[in-house]
Amino acid sequence: MTNPDAALPMRHPLRWLWLSALVILLDLGTKALAVSWLDYARPVEVLPVFDLTLLHNTGAAFSFLADHGGWQRWLFAAIAVGASIGLTVWLTRLKARETMLAASLAAIIGGALGNLFDRLVHGYVIDFLSFHWQGYYFPAFNLADTAITLGAIGLIIESLRDARRGK
């Protein structure tokens, strides 16, 4: 039996943007702390596999295009703006039961806008979370990147749920 409320639109879907705002505040706050407490490229060990290391990323994920002449700053800024607008429109079209999807979209929007702030103000994204194992280092990242990743995982989970439901 299907739920008759499942097809109803979500009431006030933009209220989920509070989560985006929280992601932005936490991201920018932790980046400000990293800039004030850490010396550039000097790791501070927190755990044997985790350091706080202040780094500047002029590229995208995994420093993609970081070694180019600076044009990528504007490309990635435009992508962040376009994605945030598109995801916000998607958010307004959600159904009442799609709360995980709403949270995922809001997390991605917040992460995109947190990194966009850095790109526009500094010309690079501030990263400071660094995981490593036996000399192998995962690229440094920040809370905005974490929110984007968690949001993407939420989108995948929702997609798999929909596929199972035969949607």
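Provided above is the structure to which this section pertains.
Computed from a predicted model, the values in this text were never measured in an experiment.

(A) Here's a closer look at the pattern of salt bridges. One pass over the structure, following the stated rule, counts four salt bridges. In this structure, Glu-158 and Arg-161 form a salt bridge, with 3.1 Å as the shortest nitrogen-oxygen distance. A residue pair is termed a helical-turn pair when its members lie 3 or 4 positions apart in one helix, as Glu-158 and Arg-161 do in helix α4 (residues 143-165) at three residues. For Arg-161, a relative accessible area of 41% puts it in the partly exposed group. In this structure, Arg-165 and Asp-162 form a salt bridge, with 2.7 Å as the shortest nitrogen-oxygen distance. A residue pair is termed a helical-turn pair when its members lie 3 or 4 positions apart in one helix, as Arg-165 and Asp-162 do in helix α4 at three residues. One salt-bridge network, held together by shared partners, links Asp-27, Lys-31 and Asp-118.

(B) Up close: unusual backbone geometry. In the Ramachandran plot, His-12 falls in the positive-phi region, its phi being about 55° despite a non-glycine side chain. Position of His-12 among the secondary structure elements: in the segment before α1 (17-37). A positive phi is found at Ala-41, a non-glycine position, where the angle reads about 60°. Topologically, Ala-41 is positioned in the loop between α1 and β1 (44-47).

(C) Representation of the side chain of Thr-53 within the structure. For Thr-53, the location among the structural elements is in strand β2 (residues 50-57). For Thr-53, a relative accessible area of 8% translates into the label buried. With residues up to four places along the chain from it excluded, the contact list for Thr-53 reads Leu-38, Ala-41, Arg-42, Pro-43, Asp-127, Phe-128 and Ser-130.

(D) Spatial organisation of the packing of helix α3 (residues 99-122) against α4. Look at α3 against α4: their axes get within 7 Å of each other, and the N-to-C directions meet at 155°. Taken together, the axes of α3 and α4 are roughly antiparallel relative to one another. Considering the relative orientation of α3 and α4, their crossing is left-handed. Residues Met-100, Leu-101, Ser-104, Leu-105, Ala-107, Ile-108, Gly-111, Ala-112 and Asn-115 of α3 form the contact with α4, whose own contacting residues are Ala-144, Asp-145, Ala-147, Ile-148, Gly-151, Ala-152, Gly-154, Leu-155, Ile-157, Glu-158 and Arg-161.

(E) Region of the structure containing the pairing of strand β3 (residues 125-133). Across the nine residues that make up β3, a large majority, seven, are buried. Note: β2 against β3, six bridges, orientation antiparallel. Bridge assignment links Asp-51 to a residue of β3, and that residue is Ser-130. Here β3 runs beside strand β4 (residues 136-137); their pairing, made up of two bridges, is antiparallel.

(F) A look at the pairing of β1. Examined bridge by bridge, β1 and β2 share three bridges and lie antiparallel to one another. Looking at the pairing, Glu-45 lines up with Asp-51 of β2. Hairpin connection between β1 and β2: a loop of two residues separates the two successive antiparallel strands.

(G) Up close: the nonpolar core. Counting residues in each nonpolar core, the largest one holds 12 residues, listed as Met-10, Trp-16, Leu-19, Leu-87, Leu-91, Leu-94, Leu-101, Ala-102, Leu-105, Ala-106, Ile-108 and Ile-109. Within the residue set of this core, elements represented by two or more residues are α2 (71-92) and α3. Of the residues forming this core, the biggest block, six residues, is contributed by α3. Not counting the four nearest positions on each side in its chain, Ala-106 is found in contact with Trp-16, Leu-19 and Ser-20. The next biggest cluster of nonpolar side chains, apart from the first, holds eight residues, and it includes Leu-38, Leu-54, Ile-126 and Phe-128.

(H) Spotlight on a nonpolar patch on the surface. Taken together, Trp-74, Phe-117, Leu-120 and Val-121 make up a surface patch of nonpolar side chains, about 400 Å² in accessible area. Looking at the element boundaries, Phe-117 is found in helix α3.

Cut-offs and rules
Residues numbered from 1 in each chain as written. Predicted model: local features only at pLDDT ≥ 70, side-chain atom pairs only at ≥ 80, totals over all residues. Heavy atoms only, no water. Salt bridge = Lys/Arg side-chain N within 4 Å of Asp/Glu carboxyl O. Helix = DSSP H or I, 4+ residues; strand = E, 2+ residues; numbered from the N terminus. Buried < 20%, exposed > 50% of the residue type's maximum accessible area, 1.4 Å probe, protein only. Contact = heavy atoms within 4.5 Å. Axes fitted to C-alpha atoms, helices over the stretch in contact; angles between N-to-C directions. Parallel < 35°, antiparallel > 145°, perpendicular 65-115°, else oblique. Left-handed = near helix turned anticlockwise from the far one by under 90°. Pairing = 2+ DSSP bridges. Core = buried A, V, L, I, M, F, W, Y, C linked by side-chain atoms within 4.5 Å. Patch = residues over 30% accessible without salt bridge, like charges linked within 9 Å, V, L, I, M, F, W, Y side chains within 5 Å. Areas by Shrake-Rupley, 256 points an atom, 1.4 Å probe, with all protein chains shown as cover.

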